[in-house]
Every structure is written in structure tokens, then in C-alpha cells.
Amino acid sequence: MLPAKSAPNTETGEIMNKKVTKTPKATKSPAKTGKKAAKKSECRILSAKEDKVVSIPAKQSAASEREESHLKRWLRENRITEVECLVPDMTGNARGKIIPAAKFSHDFGTRLPEGIFATTVTGEYIDEYDQIVSPSDSDMYLRPDPNTVRTVPWASDPTVQIIHDCFTKEGKPHDLAPRNVLRRVIERYDALGLKPIIAPELEFFLVQKNTDPDFPLQPPAGRNGRPETARQSYSIDAVNEFDPILDLMYDYCEAMELDVDTLIHESGAAQLEINFIHADPLSRADQVFLFKRTMREAAMRHNIYATFLAKPMENEPGSSMHIHQSLVDAKTGKNVFIGKGGARHSDLFMNYLGGLQRYIPEAMAFFAPNVNSYRRLIYGEVSPKNVQWGYDNRTCGLRVPFDSPENMRVETRFAGSDVNPYLAIAATLACGLLGIEHKLQPTEPSTGYTHTSGFELPKSMQDSLEYLERSEALSAILGERFCRAYVCIKRKEYETFFRVISSWEREFLLLNV
């Protein structure tokens, strides 16, 4: 489990989240809330080490052996019985193996077929499987990342979960693994002496259990026994309706040391938003990945579902994952978006913004990765329709919040809550990087309502995949084989979806055409 990170110093120019509503349970005042303190993890915390990807030689180095010994000892001291070896797949779901702790300690890792990165969300293999994976359909070698060791607080036996990195048999990072794709982008920033800082805001719905997919989802009843019917944006009382679930969520998050920050009620029925404290991109992607598992589990314990579907209900708004981002100088820690000589922002900030405007349409397949994603974008009341930017303008796809100079940042509003966090963060950073490398310039900022300016984004999954397929710039950064595999997977998913005859077609076309 990671040690708790102190909140980054705002003087370094890192993002500061200003939204204040319901605070995490760990910081609640018992005198005001009357709630018990959050449960503490019974395990001592495994020390984190600097997070880098390097090629692993066939024979472990002395440093790797020490790391292995450290992890083995930690598992023994905390009497861990099982280890969940997690690998985020293309959708952002957890693949892997559950291994007895004693066997994990001896083996120090495991293997998985690389075919998990050529599989659709329905479990089907893509038609181009033999062209994407190695001819021998070989295994990947998994290495545990000690920065990601966390308890599984809902497990009945002492269990930990560890995110693993994927390597080829030659010891090189596997190019199809989403976590490695994000690292590729981060390394490009490292070469420029820059470090991205990320703060995600993740929306989701609580819904009644739905065991028959032919029936529409329904909002759950809160403590008062009634489901929500009115819009409840930022309502404290509406959040409190689901306190038992949210208290359990905060207990789990504290035990796992997830850096969740404020919680608010969004405009949809039982729609909530959780914010994460700003930090480096890989740790934020890891935390979103783990939080989705955690929130689903907390809801299931109360016999309801938590869903991160982008548009789960016909008459409710969609759910997004807004990504706040800034860049700091690797040596000084200063925000490089800050302007000099009285300027509002730097030339590099404008280049970054220009890159987002230019390349976001080509990257939309990562921000809207499912057929359902486009229901949020096309018909959503406040979802972005364009790549315009403006100061504190939520009708723009690119919003620059008003804040102190050291907290200068941009918020991208394109991603749905259904994204793979590794790929969505990698894509937005890649777009900004291309702007810096090519010194692109953005348009003038928009000051009014921009939804009437026209739709500047792909309107369907087919369109988005065609944009990505033609993007040589993104392919060069994210990886050619990865982009090809991703397009094949999403195209296969779209074909599978399109075969399904909907109830609307049966109702209105069956006897009328």
C-alpha cells in the first residue's frame, strides 16, 4: 500500500481543486457529523519507490532482488494470504490472476497471454488477432509495481491488490499495455524537462440493481425511501440520502489510501462526482482505475449498482471525467504555464492549448471509447460540442479556470466516465505535447455560449476510429501497433453492437414499414 502523500505545495504551480462541498470522511468533524471515524488499515504500509519503466534483464539485478525481498517480507509480516495481480485492459477493467501469497512470494510475478489486449468488452477476439499479437501467441511477463500495493478492504481474508506492468520476454515494456502507453507519453515530457500534473473529476450514477438488460435503469431510493425526481445539483441533503454507501466508500478509500477529495451531487438523479487530489499522471490513472472497483463494491454491499456508463439513462445527463492538467519544470517545480512580464500565461501554455485544439478530434476514440459515449456527447445538455477554449467557460471543450497564477491550468471536458483512465490521460497529454513540439497557436478565447458555433468533434464511434486511424502524429507517440489494436477492438465492438435489434425498432418499425 502506498504511503499517504502530502498535498502538493501550491507554490510549485500544481493544480489546486477549489470545488468545496462534502469533504472526505477522514476529515469530517465528528462533533458535526456524529459519524464514526473511518477505519484504519490493519497492515503497515509498504514504502513506495520512484516509479519508472526500464527494461528488465534476464537475470535480476541486485536492486531488483532487494525489491523482491522487501515485498516478500512485507507480505509475510502482514500475514497476507492472497494477492490479486491486476493488469488494466483496453477497456480499463482489471484482468489478471489471484495467487496465494506464499506462491506469489516464491514466483515474484506471473504471466498472462498478450491476447488480453486483443479482446473486446464482450470477451470476443478481434478478427485481426493473428496480425496484432505475436505469431506464437506468447505470454507477457508481469512485474508488480511496489507503488501500487494496497489492501482489499472488502475481502474476507487478508488480501492485497497489486497493479502489474507487462513486459516482453526480452524484458522490454509491452507496447499494447495501456499503462505502458501512458508511460511512453510521460517519457516524452521527461526528455523536455517537464512533468505533467493531473487532477481527474469523475462522475457516476447510483442505480437500482438491474438483472435484465432489456429493462431501463432506474434511480435508487435514498434514506427517505423515495428515488430522486428533481434536479439536485450541489445539494448536500441529496448526497446525505446515500450516506451509508458513501461512508463505506470513504472507509474503503482510506484503507487503500486513494487520494479522493471533494464529493458533490451532480444534476442527474443519484448522480455524484468525486474529485482526486492533483499529482503525477500515472498515479492518478491508477487511482481512477482502483476507485471504479471500490465504488462498485461499496454500492453492491448496499444492493445497488454504481455505474460509470457515459449515458446510462435516457432522460438523465451523461457522466464525464474532466481532466485538469498543468506542467511544472522538473528541476524547479514551477508551473511553466505562468506568464512572464505581466503576461497572463506563457507561450508554452498557448502551444499546449493549440495542440489540444488541433489533435483532440483525432484522439476522440480515447475520450469516447464506447457506442454509448456518443449519446452523452451528441445529446447532452452541457457536454462539449467543440474544441473552443475560454476562461471559466463551461460551454467550451477546453476551460481555463480563474485561479492564482501558480495554479494556471486547463481543464479538458471531453472524456466520459467510461474511459480507460490511462488512455484518456495519455491522449490528452499527447495532444498537448504535439502542440509544444510544433509550436501551435490556439484560437482567440470564446466568451459566450459556444454550443451554437457548430459541432467540431466526431459524432460516432465510426468517425472517431477513422480520425484515429489517419493520425500519424498520435500513432507515433502512443505506438503504431497499439493504435492499430485499439482501432480493431473498438471496430469489433461497434459491429457487435450494430447486430442487436433494439426495442425501438421493434416498436415503431415492425408493423409500420
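Position numbers for residues start from 1 in each chain and track the written sequence from start to end. Two thresholds apply to this predicted model, a pLDDT of at least 70 for residue-level local features and 80 or more for giving and counting side-chain atom pairs, whereas whole-chain, interface and lining totals are computed over all residues. Water and hydrogen atoms play no part in the side-chain values, which are based on all heavy atoms of the structure.

Put simply, DSSP marks the helices as runs of H or I at least four residues long and the strands as runs of E at least two long, and each gets a number from the N terminus on. Within the protein, the secondary structure is distributed over 15 helices and 14 strands. In what follows, residue pairs with any heavy atoms lying within 4.5 Å of each other are defined as contacts. If you take every contact in the protein between residues at least 6 apart in sequence, the share linking residues at least 24 apart comes to 75%. Roughly 23,200 Å² of accessible area belongs to the protein as shown, and the carbon and sulfur atoms make up 51% of that amount. Only the protein chains shown count as cover for residues, and all accessible areas are computed by the Shrake-Rupley method using a 1.4 Å probe.

The next thing to look at is the pairing of strand 2 (residues 94–100). Two strands are said to pair when DSSP picks up at least two bridges between them. Of the strand pairs in this sheet, strand 1 (residues 82–88) and strand 2 are connected by seven bridges, and their pairing is antiparallel. Residue pairing across strands places Glu 82 opposite Pro 100, the latter belonging to strand 2. Between strand 1 and strand 2, which follow one another and run antiparallel, lie five residues, and Gly 92 among them has a positive phi close to 105 degrees.

Per-residue pLDDT for the protein has a mean of 87; in total, 86% of the residues score no lower than 70. Across residues 1–45, confidence stays below pLDDT 50; counting only partners more than four residues off in sequence or on other chains, it has 121 contacts. As a per-residue quantity, pLDDT reports the predictor's confidence and falls between 0 and 100. Across residues 47–58, confidence stays below pLDDT 50; counting only partners more than four residues off in sequence or on other chains, it has 27 contacts.

Another aspect to go through is the packing of helix 9 (residues 347–367) against helix 12 (residues 461–470). Axis lines are fitted through C-alpha atoms, for helices just across the contact stretch, and the angle between N-to-C directions can take any value from 0 to 180 degrees. Closest axis-to-axis distance for the helix 9/helix 12 pair is 7 Å, and the angle between their directions is 120 degrees. Classified by the angle between their axes, helix 9 and helix 12 sit oblique to one another. Relative to helix 12, helix 9 is oriented so that their crossing is left-handed. Along its contact with helix 9, which presents Pro 361, Glu 362, Met 364, Ala 365 and Phe 366, the element helix 12 presents Ser 464, Leu 465, Tyr 467 and Leu 468. Residue polarity is assigned by list, with Asp, Glu, Lys and Arg as charged and Ala, Val, Leu, Ile, Met, Phe, Trp, Tyr, Cys and Pro as nonpolar; anything else, Gly included, falls into the polar class. Per-class residue counts for the contact of helix 9 with helix 12 are seven nonpolar, one polar and one charged. What sets the label is the angle itself: under 35 degrees gives roughly parallel, over 145 gives roughly antiparallel, 65 to 115 gives roughly perpendicular, and the rest give oblique. What makes a crossing left-handed is the near helix being turned counterclockwise from the far one by less than a right angle; a clockwise turn instead makes it right-handed.

Any two side chains of opposite charge can pair, given that their charged atoms come close. Salt bridges are defined as contacts in which a side-chain nitrogen from Lys or Arg sits within 4 Å of a carboxyl oxygen from Asp or Glu. By the definition in use, this model includes 22 salt bridges. Taking the shortest distance from any N to any O, the salt bridge between Glu 316 and Arg 231 comes out at 2.9 Å. With Glu 316 in the loop between strand 10 (304–307) and strand 11 (321–329) and Arg 231 in the loop between strand 7 (194–208) and helix 6 (236–240), the pair connects residues that are 85 residues apart, well separated along the chain. Three exposure classes are used, based on accessible area relative to the maximum for each residue type with a 1.4 Å probe and protein chains only: buried under 20%, partly exposed in between, and exposed over 50%. Of the residues examined, Arg 231 reaches a relative accessible area of 45% and is grouped as partly exposed. One salt bridge connects Glu 411 with Arg 413, and the closest N-O pair in it is separated by 3.1 Å. In this structure Glu 411 comes out as buried when scored by relative accessible area, which is 1%. Classification of Arg 413 as buried rests on a relative accessible area of 7%. The network of salt bridges with shared partners includes Asp 145, Asp 165, Arg 179, Arg 183 and Asp 286.

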